[in-house]
Amino acid sequence: MTALTDEELVQRCKVELPHATRSYEELVLRHAQRVYSLVYRVVDDRQEAEDISQEVFLKVYHGLPKFDQRALFSTWLYRIATNSALDALDKVKVRRHHTVQVDMHPDAQRENHENDALAGLVSAEADPAELAMRSELRACINRVLRQLDREQVRVLLLRDFENLSYDEIAKMVQAGLS
């Protein structure tokens, strides 16, 4: 039996949902790991990435009836995932801005934030020098991502983390503009 394409599964979902969810479940299984990976690269927190990934698939579930399929399903899905992750990142920025301790020196604030963000990356199996390099690199990437605007972050994620071609990225950006 030949596996159905995403587009065929979307068509089935439009007919089946909400009574039957088999086609929707197949779409989730097919894309869950990649959505999680994309979201995690933006928010740098496992629990938050899991929560956002679930929210993404809820948005997809509710949005499927209106999805017009002018773009690929994966294009639409990853745009939802990217926007959801960037929204979460924006909320963190706002929260941090409002909860900065007045008596703490700015350099100490930056150091504490980086240490907290890197705490979840420690693995008992990794070499300490490699862990330090990974932590430093992740902190650097996160600092850069926080300084870019949303569209720049989206393009960077799609090209360097999702390995999409420039043509695929152009189609995704165009799909978002229409």
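Every chain's residues receive numbers from 1 upward, in the order its sequence appears when written. Local features in this predicted model are restricted to residues of pLDDT 70 or higher, and side-chain atom pairs are both shown and tallied only at a pLDDT of 80 or more, whereas totals for entire chains, interfaces and linings draw on every residue. To obtain the side-chain values, all non-hydrogen atoms of the structure were included, while hydrogens and water were left out.

Visitor: Mind showing me how you'd approach the packing of aromatic side chains here?
Guide: Given two aromatic rings, their pairing is described by the distance between the two centres and the angle made by the two planes. Two rings from Phe, Tyr or Trp (for Trp, the six-membered ring) form a pair when their centres sit within 6.5 Å of each other. Planes less than 30 degrees apart are called stacked, planes more than 60 degrees apart edge-to-face, and all others tilted. With the rule as written, the count across this model stands at five aromatic pairs. Ring geometry for Tyr-24 versus Tyr-61: centroids 5.3 Å apart, planes at 75 degrees, classification edge-to-face. Placement of Tyr-24 in helix H2 (residues 22-43) and of Tyr-61 in helix H3 (residues 46-63) is noted, with a sequence separation of 37 residues between them. Whether a residue is buried, partly exposed or exposed follows from its accessible area with a 1.4 Å probe, protein chains only, as a fraction of its type maximum: under 20%, in between, or over 50%, in that order. The exposure class of Tyr-61 is partly exposed, given its relative accessible area of 24%. Strands here are runs of E lasting at least two residues and helices are runs of H or I lasting at least four, both read from the DSSP assignment and numbered beginning at the N terminus.

Visitor: Honestly, unusual backbone geometry in this entry has me stumped. Any pointers?
Guide: Note: most peptide bonds trans; most residues except glycine with negative phi. For the bond from Leu-17 to Pro-18, the omega torsion is 5 degrees, close enough to zero to count as cis. With respect to the secondary-structure elements, Pro-18 resides in the loop between helix H1 (6-16) and H2. Residues other than glycine seldom take positive phi values, yet Asp-44 does so here, at roughly 60 degrees. Residue position: Asp-44 is located in the loop between H2 and H3. Take Asp-44: its relative accessible area is 9%, and that puts it in the buried class.

Visitor: Got a minute to help me understand the pattern of salt bridges in this structure?
Guide: In a structure, side chains of opposite charge can pair up when their charged atoms sit close to one another. The rule for a salt bridge is simple: a side-chain nitrogen of Lys or Arg has to be within 4 Å of a carboxyl oxygen of Asp or Glu. Applying the stated criterion to the full structure yields three salt bridges. The salt bridge partner of Glu-26 is Arg-30, with a shortest N-O separation of 3.5 Å. Taken together, the residues span about one helical turn, with Glu-26 and Arg-30 both in helix H2 at a distance of four residues. With relative accessibility at 32%, the residue Arg-30 sits in the partly exposed group. Taking the shortest distance from any N to any O, the salt bridge between Arg-70 and Asp-68 comes out at 2.7 Å. Arg-70 gets classed as exposed once you look at its relative accessible area, which sits at 65%. The exposure class of Asp-68 is partly exposed, given its relative accessible area of 46%.

Visitor: Teacher, can you tell me more about the environment of Arg-70 here?
Guide: Turning to its location among the elements, Arg-70 is positioned in the loop between H3 and helix H4 (73-98). What qualifies as a polar contact is a pair of N or O atoms within 3.5 Å, subject to a donor-acceptor requirement within protein and to the restriction that residues adjacent in sequence count only when both atoms come from side chains. Polar contacts involving the side chain of Arg-70 include one to the side chain of Asp-68, which spans 2.7 Å.

Visitor: Would you mind going over the environment of Arg-12 with me for this structure?
Guide: Of note, Arg-12 is situated in helix H1. Remark: the alpha-carbon pair of Arg-12 and Tyr-24, spanning twelve residues in sequence, is separated by 8.4 Å. Leaving out residues up to four positions away in the same chain, Arg-12 has contacts with Leu-4 and Ser-23. Whether two residues are in contact is decided by their heavy atoms: any pair within 4.5 Å suffices.

Visitor: Can you walk me through helix H6 (residues 128-147) in this structure?
Guide: Three- or four-residue spacings in an α-helix give side chains the same orientation, since the helix completes a turn every 3.6 residues. The length a helix should cover is 1.5 Å for every residue beyond the first. With 20 residues, H6 should cover 28 Å at 1.5 Å per step; its first-to-last C-alpha distance of 29 Å lies within 8% of that length. Residues of H6 that are buried include every one of Leu-131, Ser-135, Ala-139, Asn-142 and Leu-145, and no others. Within H6, the buried residues cover an arc of 130 degrees as seen down the axis, which keeps them to one side. Facing away from the buried side of H6 by more than 90 degrees, the exposed set consists of Met-133, Glu-136, Leu-137 and Gln-147. The arc refers to the directions leading from the helix axis to the C-beta atoms.

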